[in-house]
Amino acid sequence: MKPNTANPVTPEDARASLAEVSRIVTQTRQTIAWSCTTPLLILWGVIWVIGFSANHFFPASALQSWLGLDGIGLGGSFLLAGPFRQRAITGLSLGLGRIRLAWLALLGYGVLWAALLAPWEQSHSVTWAADAPVIGRKLAAFSASVCMFGYVLMGLWLGRFFLWLGLLVTATTLAGYYFVADYFYLWMAFTGGGSLIVAGVFIRKFWR
Amino acid sequence: MPAIDLVIHTPARLRIMSALSALPPRAQIDFRSLGRSLDLTDGNLGAHLQTLEETGYIKAEKKFVDRKPRTYVAATAKGRIHFDEHVAALREICRV
């Protein structure tokens, strides 16, 4: 069958068709976002709440807490948003291997940059006890903003919701870092982790 | 000036192509989910998909998921190009 390319469409028809195209495209992208990100937002939101709360209340074991929580997060992410799960929930076979790899690359580079930039060589200096809390907060703010950079990039493709979520959590991270230093980790638990959980619940409730 | 593509312009096929073109390039969606999201019956959707497949705008592929056969569909490169041209033509008409 050859495409017929005559042009019998009125401006009113064209406007109605474009509105329908826009509606379906938005709906489809939201379905993709729902299938890919809702469980991840909630999972990582809970991890942030637990991890940053542990940072505040048990600073001596913060590193071990985060190693365990990040392991749970990565394993959970694979189980919750792997291709089989996605297909079972939405009927989509998205071929998003590259997006998953992009996230892994972003997280890998985040860890690399943190290892390179943090002044580990000062850990034997006499001022380390005074410097360590500041360095810890810097690393936490850095890690959170690297993750949010991923959301901003994802937002450029999936829709403005993720862009604004990334910018909002980045802004609250900076606000906490500069203005509530003493309670920074609790601030991150509730504003950062809370935002991720609320965003996940919002998408689950309103976008499906 | 890009021209209207009457294969795509039929309301149901316009919606199908809109949904498939909004997916990432290698992504597919299964027949039932597509019908559900576009509010189309199986018969109606099947007929329109056949037309689009004959034109080379979409590709259907049968797969087994949990041992059940499912048909997955995706827009082809040709389909995406024609859809983009069709949307460009609609925009041109709106400007006139």
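Bear in mind the structure is a predicted one, so any value in this text is a computation, not a measurement.

Some points on the packing of aromatic side chains
All names here are of chain A. Tallied over the full model, the rule gives eight aromatic pairs over all chains. Ring geometry for tyrosine 151 versus phenylalanine 162: centroids 6.5 Å apart, planes at 10°, classification stacked. Placement of the pair is tyrosine 151 in helix H5 (residues 128-158) and phenylalanine 162 in helix H6 (residues 160-179), with a sequence separation of 11 residues. Each member of the pair tyrosine 151 and phenylalanine 162 is classed as buried.

Digging into the nonpolar core
Residues B:Ile16, B:Met17, B:Leu20, B:Leu34 and B:Leu49 are the most contacted members of the largest nonpolar core, which totals 36 residues. At the level of secondary structure, the elements contributing two or more residues to this core comprise helix H1 (11-57) of chain A together with helix H1 (6-9), helix H2 (11-22), helix H3 (31-38), helix H4 (42-55), strand S3 (68-75) and helix H5 (77-95) of chain B. Broken down by element, the residue count for this core peaks at seven residues, all from H2(B). In this view, B:Met17 contacts B:Ile8, B:Leu52, B:Tyr57, B:Ile58, B:Ala75, B:Gly79 and B:Phe83; residues no more than four positions away in its chain are not counted. Membership of the second largest hydrophobic core comes to 27 residues, among which are A:Trp44, A:Met154, A:Val169 and A:Phe184.

Description of H4(B)
Because the α-helix completes a turn every 3.6 residues, residues three or four places apart line up on one side. All names here are of chain B. Between the first and last C-alpha of H4 there are 20 Å, a value that for 14 residues agrees with the 20 Å anticipated at 1.5 Å per step. For H4, the complete set of buried residues consists of Leu45, His48, Leu49, Thr51, Leu52 and Thr55. Buried residues along H4 cover an arc of 155° about the axis, so they all sit on one side. Check the buried side of H4 and you find it contacts H1, H2, H3, strand S2 (58-65), S3 and H5. Of the residues one or two after H4, glycine 56 is the one with positive phi, at around 85°.

So, the confidence of the model for chain B
Confidence in the prediction of chain B, expressed as mean pLDDT, is 90, and 98% of residues score 70 or more. Ranking the elements of chain B by mean pLDDT puts strand S1 (residues 28-30) of chain B last, at 84, and H4(B) first, at 95.

Topic: the side chain of A:Arg137
Residues and elements named next belong to chain A. Within the secondary structure, arginine 137 sits in helix H5. Although arginine 137 is buried, it makes no salt bridge; aspartate 182 carries the closest opposite charge, 5.4 Å away. Excluding residues that lie within four positions of it along the chain, arginine 137 makes contacts with Tyr177, Ala181, Phe184 and Tyr185.

A short note on a nonpolar patch on the surface
All names here are of chain A. A cluster of nonpolar side chains, contributed by Tyr109, Leu112, Trp113, Leu116 and Leu117, occupies part of the molecular surface with about 570 Å² of accessible area. With respect to the element layout, tryptophan 113 can be found in helix H4 (residues 97-117). On the basis of relative accessibility, which here comes to 38%, the residue tryptophan 113 falls in the partly exposed class.

Focus on the environment of A:Phe184
Residues and elements named next belong to chain A. Structurally, the position occupied by phenylalanine 184 is in helix H7 (residues 184-206). Separated by 43 residues in the primary sequence, phenylalanine 184 and alanine 141 place their C-alpha atoms 9.2 Å from one another. When sequence neighbours within four positions are dropped, the list of residues in contact with phenylalanine 184 reads Arg137, Ala140, Ala141, Thr173, Gly176 and Tyr177.

Overview of the environment of A:Phe162
On the basis of relative accessibility, which here comes to 0%, the residue A:Phe162 falls in the buried class. A C-alpha to C-alpha distance of 9.1 Å links A:Phe162 and A:Met148, two positions 14 residues apart in sequence.

Regarding unusual backbone geometry
Located in the positive-phi region is B:Asp39, a residue other than glycine, with phi close to 60°. Mapped onto the fold, B:Asp39 is located in the loop between H3 and H4.

Some words on the pairing of S3(B)
Residue and element names in this part refer to chain B. In this sheet, S3 lies alongside S1 in antiparallel orientation, the contact comprising two bridges. In the strand pairing of S3, isoleucine 29 is matched with valine 73. One ladder, built from eight bridges, connects S2 with S3; its direction is antiparallel. Residue pairing across strands places valine 65 opposite lysine 68, the latter belonging to S3.

Quick notes on the packing of H3(B) against H4(B)
Residues and elements named next belong to chain B. Relative orientation of the contacting elements H3 and H4 amounts to 110°, with a least axis distance of 10 Å. By the angle between their directions, the pair H3 and H4 is classed as roughly perpendicular. Taking contact as the criterion, the partners of Phe31, Leu34 and Gly35 in H3 are, on H4, Asp42, Leu45, Gly46 and Leu49. Per-class residue counts for the contact of H3 with H4 are four nonpolar, two polar and one charged.

Thresholds applied
- Residues numbered from 1 in each chain as written.
- Chains lettered and ligands numbered in written order.
- Predicted model: local features only at pLDDT ≥ 70, side-chain atom pairs only at ≥ 80, totals over all residues.
- Heavy atoms only, no water.
- Phe/Tyr/Trp six-rings, centres within 6.5 Å; stacked < 30°, edge-to-face > 60°.
- Helix = DSSP H or I, 4+ residues; strand = E, 2+ residues; numbered from the N terminus.
- Buried < 20%, exposed > 50% of the residue type's maximum accessible area, 1.4 Å probe, protein only.
- Core = buried A, V, L, I, M, F, W, Y, C linked by side-chain atoms within 4.5 Å.
- Contact = heavy atoms within 4.5 Å.
- Expected span 1.5 Å × (residues − 1).
- Arc of directions from axis to C-beta.
- pLDDT = per-residue confidence, 0-100.
- Lys, Arg positive; Asp, Glu negative; His and termini not counted.
- Salt bridge = Lys/Arg side-chain N within 4 Å of Asp/Glu carboxyl O.
- Patch = residues over 30% accessible without salt bridge, like charges linked within 9 Å, V, L, I, M, F, W, Y side chains within 5 Å.
- Areas by Shrake-Rupley, 256 points an atom, 1.4 Å probe, with all protein chains shown as cover.
- Pairing = 2+ DSSP bridges.
- Axes fitted to C-alpha atoms, helices over the stretch in contact; angles between N-to-C directions.
- Parallel < 35°, antiparallel > 145°, perpendicular 65-115°, else oblique.
- Nonpolar A, V, L, I, M, F, W, Y, C, P; charged D, E, K, R; others polar.

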